[in-house]
Amino acid sequence: KNQVEQSPQSLIILEGKNCTLQCNYTVSPFSNLRWYKQDTGRGPVSLTIMTFSENTKSNGRYTATLDADTKQSSLHITASQLSDSASYICVVSEQTGANNLFFGTGTRLTVIP
Amino acid sequence: EAGVAQSPRYKIIEKRQSVAFWCNPISGHATLYWYQQILGQGPKLLIQFQNNGVVDDSQLPKDRFSAERLKGVDSTLKIQPAKLEDSAVYLCASSASRAARSYNSPLHFGNGTRLTVT
């Protein structure tokens with residue numbers, strides 16, 4: 001069964017600190033993995049995307065990694081800011097005729113001053 | 001470019017009433033999606049349109065939910081009659097690509113309509 005699991009469910013960190021969010025998936029055959037940021041009351045916004053041939057991708061202070069062998073991805077946030085407070089959703093797509101995206105339940109990050 | 005527009009932002013109704021949500025995608029985006037996001041969960045696909053045709057509605061509860069995109073631009077999602085478990089955020093997304101897995105064309109989401117059924 002195709003699934004995407006994220007951990008932790010929620011996280012509170014101090015402003016300026018780093019953090020890492022995890023995503024494990026069982027989606028097969030794998031096409032790509034995308035991280036989205038969802039601010040409260042807003043729709044998700046794409047941060048990064050990686051295929052099996054890309055094991056790291058950066059977008060400013062956000063760095064995503066992918067290990068296609070172990071089917072794990074992480075999102076590392078450096079020098080966190082209050083504006084990083086949001087839910088981060090991992091989305092995995094499969095390489096088949098079906099047009100399926102598999103969404104994780106997200107990690108709720110709160111950055112406090 | 002203007003983003004995906006949705007209205008209303010909030011809606012509170014009683015169970016068994018009907019409700020409709022509206023979405024205007026990014027100009028030129030042929031593919032439009034409706035997702036249901038229950039609190040604390042990831043979005044769940046309800047229906048996908050390619051222009052004015054339905055590509056996938058396999059997870060749409062057709063006994064109570066309906067959606068249309070008559071002119072291939074804006075779209076309406078309706079629930080009739082609503083149940084308590086329909087309380088959720090309804091997100092509309094659009095894409096320049098037919099394939100949701102497209103590398104270069106991510107889904108662009110609107111800010112959603114938060115529905116509360118009492």
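**Looking at the sheet that holds strand β7 (residues 62-67) of chain A**
Sheet strands associate in pairs through backbone hydrogen bonding, adopting either a parallel or an antiparallel arrangement.
All names here are of chain A.
1) Next: The strand order across the open sheet formed by five strands is β1-β3-β8-β7-β6, and the pairing between neighbours is antiparallel. Each of the sheet's edge strands pairs with one partner strand only, and the pair in question is β1 (4-7) and β6 (56-59). Strand-to-strand twist in this sheet, taken as the mean axis angle between neighbours without regard to direction, amounts to 15°.
2) Next: Across six bridges, strand β3 (residues 19-25) lies against strand β8 (residues 72-77) in antiparallel orientation. The residue of β8 that forms the bridge with Q22 is S74.

**What about the packing of aromatic side chains?**
1) Next: Scanning the entire structure with this criterion turns up eight aromatic pairs over all chains.
2) Next: Relative to B:Y90, the ring of B:F21 has its centre 5.0 Å away and its plane inclined at 25°; by these criteria the two rings are stacked. Placement of B:F21 in strand β3 (residues 19-24) and of B:Y90 in strand β9 (residues 88-95) is noted, with a sequence separation of 69 residues between them. Each member of the pair, B:F21 together with B:Y90, is buried.
3) Next: When the centroid spacing of 6.4 Å and the interplanar angle of 40° are considered together, the rings of B:F65 and B:Y90 count as tilted. Of this pair, B:F65 sits in strand β7 (residues 65-68) while B:Y90 is found in strand β9, placing the two residues 25 residues apart along the sequence.
4) Next: On the accessibility criterion, B:Y90 (0% relative accessible area) is buried.
5) Next: By the ring-pair criterion, three or more aromatic residues cluster together here, those being A:Y36, A:F103, B:Y33, B:Y35 and B:F109.
6) Next: Over the aromatic face of B:Y10 sits the side chain of B:R9, whose NZ or CZ is 5.6 Å from the ring centroid.

**Focus on the interface of chain A and chain B**
1) Next: Counting residues at the interface gives 25 residues for chain A and 22 residues for chain B.
2) Next: In this assembly, chain A packs against chain B so that about 1700 Å² is buried in total across both faces, 46% of it on carbon and sulfur atoms.
3) Next: At the surface where chain A touches chain B, the tally comes to zero salt bridges.
4) Next: At the surface where chain A touches chain B, the tally comes to six residue pairs in polar contact (both at pLDDT 80 or more).
5) Next: Where the side of chain A that touches chain B is concerned, the elements lending two or more residues are β4 (30-38), β5 (45-51), β9 (86-94) and β10 (101-103) of chain A.
6) Next: In terms of residue count, β4(A) provides more of the side of chain A that touches chain B than any other element does, five residues in total.
7) Next: Of the residues that constitute the side of chain A that touches chain B, the class distribution is seven nonpolar, 13 polar and five charged.

**Details of the state of the cysteines**
1) Next: With the rule as written, the count across this model stands at two disulfides over all chains.
2) Next: One disulfide bridge connects B:C23 with B:C92, the sulfur atoms lying 1.9 Å from each other. Residues B:C23 and B:C92 are joined by a disulfide whose S-S torsion is about -65°; by sign, that bridge is left-handed. Taken together, the positions of B:C23 in strand β3 and B:C92 in strand β9 put the pair 69 residues apart, joining distant regions of the chain. Note on accessibility: B:C23 and B:C92 belong to one class, buried.
3) Next: Free cysteine: A:C19, not disulfide-bonded; nearest cysteine sulfur from A:C23 at 15 Å.
4) Next: A relative accessible area of 5% places A:C19 in the buried class.

**Some points on the pattern of salt bridges**
1) Next: Applying the stated rule across the entire model yields five salt bridges over all chains.
2) Next: Between A:E54 and A:K57 there is a salt bridge, with the nearest N and O atoms lying 3.4 Å from each other.
3) Next: B:D57 is paired through a salt bridge with B:K62; the nearest N and O atoms lie 3.7 Å apart.
4) Next: Taking the relative accessible area as the measure of exposure, B:D57 reaches 26% and is therefore partly exposed.

About the cut-offs
- Residues numbered from 1 in each chain as written.
- Chains lettered and ligands numbered in written order.
- Predicted model: local features only at pLDDT ≥ 70, side-chain atom pairs only at ≥ 80, totals over all residues.
- Heavy atoms only, no water.
- Pairing = 2+ DSSP bridges.
- Helix = DSSP H or I, 4+ residues; strand = E, 2+ residues; numbered from the N terminus.
- Axes fitted to C-alpha atoms, helices over the stretch in contact; angles between N-to-C directions.
- Phe/Tyr/Trp six-rings, centres within 6.5 Å; stacked < 30°, edge-to-face > 60°.
- Buried < 20%, exposed > 50% of the residue type's maximum accessible area, 1.4 Å probe, protein only.
- Lys NZ or Arg CZ within 6 Å of the ring centre and 35° of its normal.
- Contact = heavy atoms within 4.5 Å.
- Buried area = accessible area lost by both parts, 1.4 Å probe.
- Salt bridge = Lys/Arg side-chain N within 4 Å of Asp/Glu carboxyl O.
- Polar contact = N/O pair within 3.5 Å; in protein donor to acceptor, adjacent residues only side chain to side chain.
- Nonpolar A, V, L, I, M, F, W, Y, C, P; charged D, E, K, R; others polar.
- Disulfide = S-S within 2.5 Å.

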